[in-house]
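# Results of the structural survey
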Amino acid sequence: MKHARRLVAGTLAAGALALSLTGCGDSAAPTERLAAKTAQPTPDAGGATPSTASPTPAPGGASDEAYKKWGLTAPLQYAPKPAQKPQIPKPGPGKVPVIDRIPVPADDKIVFLTFDDGAEKDPEFLKMAAELKLPISMFLTDNVASSDYGHFEKIRDNGSASTINNHTLTHPNLRTLSFEGQKKEICGQQERLEKRFGQRPTLFRPPFGNYNDDTLRAASECGVSSLVLWRVSMQINNFQYAQGSALKPGDIILAHFRGPSELKGATEIQMTTRMLQRIQEQGYRIGRLEDYL
């Protein structure tokens, strides 16, 4: 309990805002919660090197006509890799940093797409992700994704530079586990993903956004470089925000690989289309998370 109640200085602030994800509560996997506001201030224009490139699709991006096929009224805008990565606060000895928003300049309207778990494996989503060249950071849980890891391999290899990352073996609330129990969940998934995909993940997301000091130490010992949370979650039709009522530069967006049974009849395609529409409506570009970490 002592570890579970202890928050890490400079990361999650006290009084974390917990918000359920519509459509997840009735699923086999427990309901995720929205990541809390960090104590890190929004950097000024000197906090990181912004991209000076015009907001056009990155090289090798989606074709000019792909957006129409997938229900968008205009092409998606992609942010190129920054000339220099933003500075991330250093963690304590033997721990990994906790990140829930990328510290970009206040005028750099860029957000990042992350999808969790891996329960839904819709072949139409493979087409959508490939044709739009969506740069997705996938956080996979072994007990739901491993029935068809090839599905996520196709997303990784579709030319979008999407990545596969760690979301534990069985999706437990890590705060309820001992240090060794947490290490088994994290390292075990590191090993399985490395064996299956040939590369050991560098990013980790704890189920429900729940973690403590043991989590940060275990992740470090398992070879993780960063623990990634979020500030915005995608529901069936709209975003849910941890702070305010609109996207902010550097927001990490949480979505899930979910199907109609968990999205009240909506498909993964419909949910993703609405998410991309909301990003466009607010004038944001999409970046690749790993280019900034």
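Structure: see above.
Read on for a plain summary of the structure. All values reported here derive from a predicted model rather than from experimental measurement.

### Notes on the pairing of strand β2 (residues 110-117)
Counting buried residues in β2 gives eight out of eight residues, a clear majority hidden from the surface. Here β2 pairs with strand β10 (residues 285-287) via three bridges, running parallel. Residue pairing for β10: I110 is matched across the bridge by R285. Bridge count for β2 against strand β9 (residues 252-256) is five bridges, and the pairing is parallel. The partner of D116 across the bridge, within β9, is H256. Bridging between β2 and strand β3 (residues 136-140) involves five bridges; their strand directions are parallel. For D116, the partnering residue across the bridge sits in β3 and is F139.

### Let's talk about the packing of helix α3 (residues 123-132) against helix α8 (residues 268-281)
Axis separation between α3 and α8 bottoms out at 9 Å; the angle between their running directions is 30 degrees. Between α3 and α8, the interaxial angle falls into the category roughly parallel. Relative to α8, α3 is oriented so that their crossing is right-handed. Contact residues: α3 offers E124, F125, M128 and L132, while α8 offers E268, I269, T272, T273 and L276. Residue classes in the contact of α3 with α8 are distributed as five nonpolar, two polar and two charged.

### Points about the packing of aromatic side chains
Per the stated rule, a full pass over the model turns up seven aromatic pairs. When the centroid spacing of 5.0 Å and the interplanar angle of 70 degrees are considered together, the rings of F112 and Y292 count as edge-to-face. Of this pair, F112 sits in strand β2 while Y292 sits in the segment after β10, and the two are 180 residues apart along the sequence. As far as the burial class goes, F112 and Y292 line up, both buried. Arranged with centres 6.1 Å apart and planes meeting at 65 degrees, the rings of F239 and Y241 form a pair that is edge-to-face.

### As for helix α7 (residues 213-221)
Among the residues making up α7, those that are buried are D213, D214, T215, L216, A218 and A219. After α7 finishes, the residue G223 shows a positive phi value of roughly 90 degrees.

### Section: the pattern of salt bridges
Tallied over the entire structure, the rule returns 18 salt bridges. Residue R205 pairs with D116 through a salt bridge whose shortest N-O separation is 2.8 Å. Residue R205 is located in the loop between β5 (203-204) and α7, and its partner D116 is located in strand β2; the two are separated by 89 residues in the primary sequence. Each member of the pair, R205 as well as D116, carries the same accessibility label: buried. For R258, the salt bridge identified is with D117, shortest N-O distance 2.9 Å. Note that R258 is positioned in the loop between β9 and α8 and D117 in strand β2, a separation of 141 residues in sequence. D117 carries the same exposure label as R258, and that label is buried.

### Topic: the state of the cysteines
Enumeration over the complete set of coordinates arrives at one disulfide. A disulfide bridge connects C187 with C222, and the sulfur atoms are separated by 1.8 Å. Taking the torsion about the S-S bond as the criterion, the C187 to C222 disulfide, at about -100 degrees, is left-handed. Remark: C222 occurs in the loop between α7 and β6 (226-228) and C187 occurs in helix α6 (residues 179-197); sequence separation between them is 35 residues. Neither C187 nor C222 differs from the other in exposure class; each is buried.

Thresholds applied
Counting starts from 1 at the beginning of each chain's written sequence and moves along it residue by residue. Selection of residues for local features in this predicted model requires a pLDDT of at least 70, selection of side-chain atom pairs for listing and counting requires 80 or more, and totals for whole chains, interfaces and linings are taken over all residues. With hydrogens and water excluded, all non-hydrogen atoms of the structure serve as input to the side-chain values. In this scheme, a residue with accessible area under 20% of its type's maximum is buried, one over 50% is exposed, and one in between is partly exposed, where area comes from a 1.4 Å probe on protein chains only. By the criteria applied, helices consist of DSSP H or I runs no shorter than four residues and strands consist of E runs no shorter than two, each listed in order from the N terminus. Think of it this way: DSSP has to see at least two bridges between two strands before they count as a pair. Every angle, taken between N-to-C directions, lies between 0 and 180 degrees, and every axis is a line fitted to C-alpha atoms, over only the stretch in contact when it is a helix. Small angles under 35 degrees read as roughly parallel and large ones over 145 as roughly antiparallel, with 65 to 115 read as roughly perpendicular and the rest as oblique. Throughout, a crossing is termed right-handed when the near helix is turned clockwise from the far one, and left-handed when it is turned anticlockwise from it by less than a right angle. Contact between two residues is taken to exist if any of their heavy atoms lie within 4.5 Å; hydrogens are not considered. Charged means Asp, Glu, Lys or Arg here, nonpolar means Ala, Val, Leu, Ile, Met, Phe, Trp, Tyr, Cys or Pro, and polar covers whatever is left, Gly included. Two aromatic rings from Phe, Tyr or Trp, using only the six-membered ring of Trp, form a pair when their centres are within 6.5 Å; if the ring planes differ by under 30 degrees the pair is stacked, by over 60 it is edge-to-face, and anything between is tilted. Just to be clear on terms, a salt bridge is a Lys or Arg side-chain nitrogen sitting within 4 Å of an Asp or Glu carboxyl oxygen. In plain terms, two cysteine sulfur atoms within 2.5 Å form what is called a disulfide here.

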